[in-house]
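For reference, the chains in residue letters:
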Amino acid sequence: MSAGQERPRGRQGSGDEGRRSGGPGVGGRRTGGRPQAARQVSARRVAFDVLRAVQVDDAYANLLLPTRIRRAGLSARDAGFATELTYGTIRMIGRYDAVVALASGRRADLVEADVLDVMRLGVHQLLAMRTPTHAAVSATVELAREVGVARATGFVNAVMRKVAAKTPEEWDALVTAGLGGEALLATRWSHPVWVVSAFRDALAAERSRDELVALLAADNEAPRVQLAALPGVATAEDVEQATARATGDGDASGDEPPVGPVDDDTTGDRAVGGDAAAADTAGGDTAPATAPVAPDLPVSPVGIRGVAGDPARVPGVAAGRLRVQDEGSQLAALALSRSSEVRPGERWLDLCAGPGGKAALLAAEAAQAGATLVANELVPARVGLVREALRDFRDTVTVVEGDGRRFGQDGSGVRFDRILLDAPCTGLGALRRRPEARWRKQPEDVAELAVLQEELLEAAVRVLAPGGTLAYVTCSPHLAETRGQVDALMRRHGHELEQLDTASVVRSVAARDPRVADGRTVQLWPHRIGTDAMFIALVRRTA
């Protein structure tokens, strides 16, 4: 099956019914009414449980995996193995399903779901990690037994041996045979065809179509942990301690697994070879071309890049003075707060603030300049996250709950001098950190989200003060969510709004060249500067 034809899922077999998030419990089983000693959970089993939860329950790997790793009590090395195995497999599902189909003589969607996920994990070890072949094959067969599909062990063993018999380059030639254009790229780089097409269009809009392969490859690389040092809050010691933990490589494993999401919206198996042994040599994408490595230096003036291990163990992060946040998100917030000199008493609004990463950075900036911030969020659970993120800024910030589209309709006449609209979007710019998103989003989602984005823009314009600045931001490069929205906004409100030279603003804010095209909008790219593909457009009310 080509990587872009449909959402890759296995046939729902008996193992799926009634499964809770993450699959079966991790304790020992009972046999004959007598409890057995609890068996330590392997890194491969953790990866399987998370992969099943992603497939069955629409779980988010970056939220569930750290919890499962801690519950299993994995060592740092095995945690690194589980992290690479989980994220790497999810990113490459489309490609691996094509490999499984050829090796088994069976379409992937006709394979029982539990069996297919076991084999996906096995394929990743064989083709993208330097796990010894015999260890990868035998451990995959054993995993099939462990998760309750022992009847399929012969099938799994045969498929894994066929996969192991060829090199990654040979499999690349086989799965892309007869394909061309976007279908070939979609299969090789494991992206849906419609996403490849959207990326091509977005790059072409700034005459950079030749960077498409580099972008697709970057999406399949493990992102490095990035921190934001909150201005006026973080100390020099905080920054020094965090910087000391920065690594010079892009190893996904680090010392400990990453914890939780990044900003807005991440028993040791002692069989032959073992998880821990393989963790030391975990590899990356195996397709022929590779993405250029982004420079190590932060691009955000408050950014810290490449922190090794669990960021929660960094003292400044534990104290809330440093925040885990992609540098693209940092630049988006700072482009608004630093687009012009702040006048004391300014009123700022974060229209869609959850879970609070950008709001915290804006709050720190507002507190220093004598401004105040209203942070609005619709979803009650995310309102709680916003309050927690802003707990240190109670004198500066007011958190409110409600639909952002309501602003300007209550007759109060309240206006804001700076508004951040970090709009709900497809999230196609964060596929490195949210690997399952490429398989969940569909083309029809774009049109639905575009309507919401337009309505939120209208609300923002209603409450934008004369001379005030609005930052429209998405974590997506899709033109319908980015330039298309801004162009439509200016057609509706060109008599009262003007576009700012956003590229010049971002360049003035950035700590180094952000490698953005000239113009009134900015598109950041992971293959250029190692951030999410954030879109930023600044507009000002003139009347």
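Nothing here was measured: the structure is a model prediction, and the numbers come from that model.

J.: Residue-level account of the overall build of the protein chain, with values.
T.: Broken down by element type, the protein chain carries 22 helices and 13 strands. The proportion of buried residues among the 543 residues of the protein chain is 59%. Total accessible area on the protein chain stands at roughly 20600 Å², and carbon and sulfur atoms take up 50% of it.

J.: Pulling in residues and values, what's your account of the pairing of strand β8 (residues 397–401)?
T.: Pairing of strand β7 (residues 372–377) with β8 involves five bridges; the strand directions are parallel. Each bridged residue has a counterpart across the sheet, and for Ala375 the counterpart in β8 is Val399. Taken together, β7, helix α17 (residues 380–389) and β8 constitute a β-α-β crossover, and its handedness is right-handed.

J.: Lay out the state of the cysteines with the relevant residues and their values.
T.: Scanning the model with the defined rule gives zero disulfides in all. Of all cysteine sulfurs, the one in Cys475 lies closest to Cys425, which takes part in no disulfide; the gap is 5.6 Å. Under the relative-accessibility criterion, Cys425 is labelled buried at 17%.

J.: Break down the nonpolar core for me, with residues and values.
T.: If you look at the biggest cluster of nonpolar residues, it comprises 56 residues, and the most contacted ones within it are Val46, Leu74, Met119, Val123, Val156, Met160 and Val163. Elements represented by at least two residues in this core include exactly α1 (43–57), α2 (61–72), α3 (76–91), α4 (93–104), α5 (113–128), α6 (133–146), α7 (153–164) and α8 (168–175). With nine residues, the single largest contributor to this core is α5. Sequence-distant contacts of Val163, that is, excluding residues within four places in its chain, are made with Val99, Ala103, Val123, Leu126, Leu127 and Trp171. Counting 48 residues, the second-largest nonpolar core is a separate cluster that includes Ala363, Val386, Val522 and Met534.

J.: Describe helix α16 (residues 357–369), listing the residues and the values that go with them.
T.: With 13 residues, α16 should cover 18 Å at 1.5 Å per step; its first-to-last C-alpha distance of 19 Å lies within 8% of that length. Among the residues making up α16, those that are buried are Lys358, Ala359, Ala360, Leu361, Leu362, Ala363, Ala364, Glu365 and Ala366. Just downstream of α16, Gly370 is the residue with a positive phi angle, here 80°.

J.: Explain the sheet that holds strand β4 (residues 303–305) residue by residue, including any values.
T.: Ordered in space as β4-β3-β5, the three strands form an open sheet in which the pairing is antiparallel. Unpaired on one side and paired on the other, β4 and β5 (322–324) mark the two borders of the sheet. In this sheet, adjacent strand axes meet at a mean angle of 30° when their direction is disregarded. Alignment of strand β3 (residues 226–229) against β5, held across three bridges, turns out to be antiparallel. Opposite Ala228, over in β5, you have Arg323 as the bridge partner.

J.: I'd like a rundown of the packing of aromatic side chains, residues and numbers included.
T.: Within the structure shown, the criterion is met by two aromatic pairs. When the centroid spacing of 6.4 Å and the interplanar angle of 70° are considered together, the rings of Phe407 and Phe416 count as edge-to-face. The burial state of Phe407 is the same as that of Phe416; both residues are buried. Relative to Phe535, the ring of Tyr472 has its centre 6.3 Å away and its plane inclined at 70°; by these criteria the two rings are edge-to-face. Separated by 63 residues along the polypeptide, Tyr472 in strand β10 (residues 464–474) and Phe535 in strand β13 (residues 535–541) bring together distant segments of the chain.

J.: Provide a residue-level description of the side chain of Ser476, including the pertinent values.
T.: Topologically, Ser476 is positioned in the loop between β10 and α20 (483–493). According to the relative accessible area criterion, Ser476 is buried, its value standing at 0%. Among the polar contacts listed, one links the side chain of Ser476 to the side chain of Thr426, at a separation of 3.2 Å. Aside from chain neighbours lying at most four places away, what touches Ser476 is Cys425, Thr426, Gly427, Leu428, Gly429, Glu481, Thr482, Gln523, Ala533 and Phe535.

Conventions we followed
Residues numbered from 1 in each chain as written. Predicted model: local features only at pLDDT ≥ 70, side-chain atom pairs only at ≥ 80, totals over all residues. Heavy atoms only, no water. Helix = DSSP H or I, 4+ residues; strand = E, 2+ residues; numbered from the N terminus. Buried < 20%, exposed > 50% of the residue type's maximum accessible area, 1.4 Å probe, protein only. Areas by Shrake-Rupley, 256 points an atom, 1.4 Å probe, with all protein chains shown as cover. Pairing = 2+ DSSP bridges. Right-handed = clockwise from strand over helix to strand, strands pointing away. Disulfide = S-S within 2.5 Å. Core = buried A, V, L, I, M, F, W, Y, C linked by side-chain atoms within 4.5 Å. Contact = heavy atoms within 4.5 Å. Expected span 1.5 Å × (residues − 1). Axes fitted to C-alpha atoms, helices over the stretch in contact; angles between N-to-C directions. Phe/Tyr/Trp six-rings, centres within 6.5 Å; stacked < 30°, edge-to-face > 60°. Polar contact = N/O pair within 3.5 Å; in protein donor to acceptor, adjacent residues only side chain to side chain.

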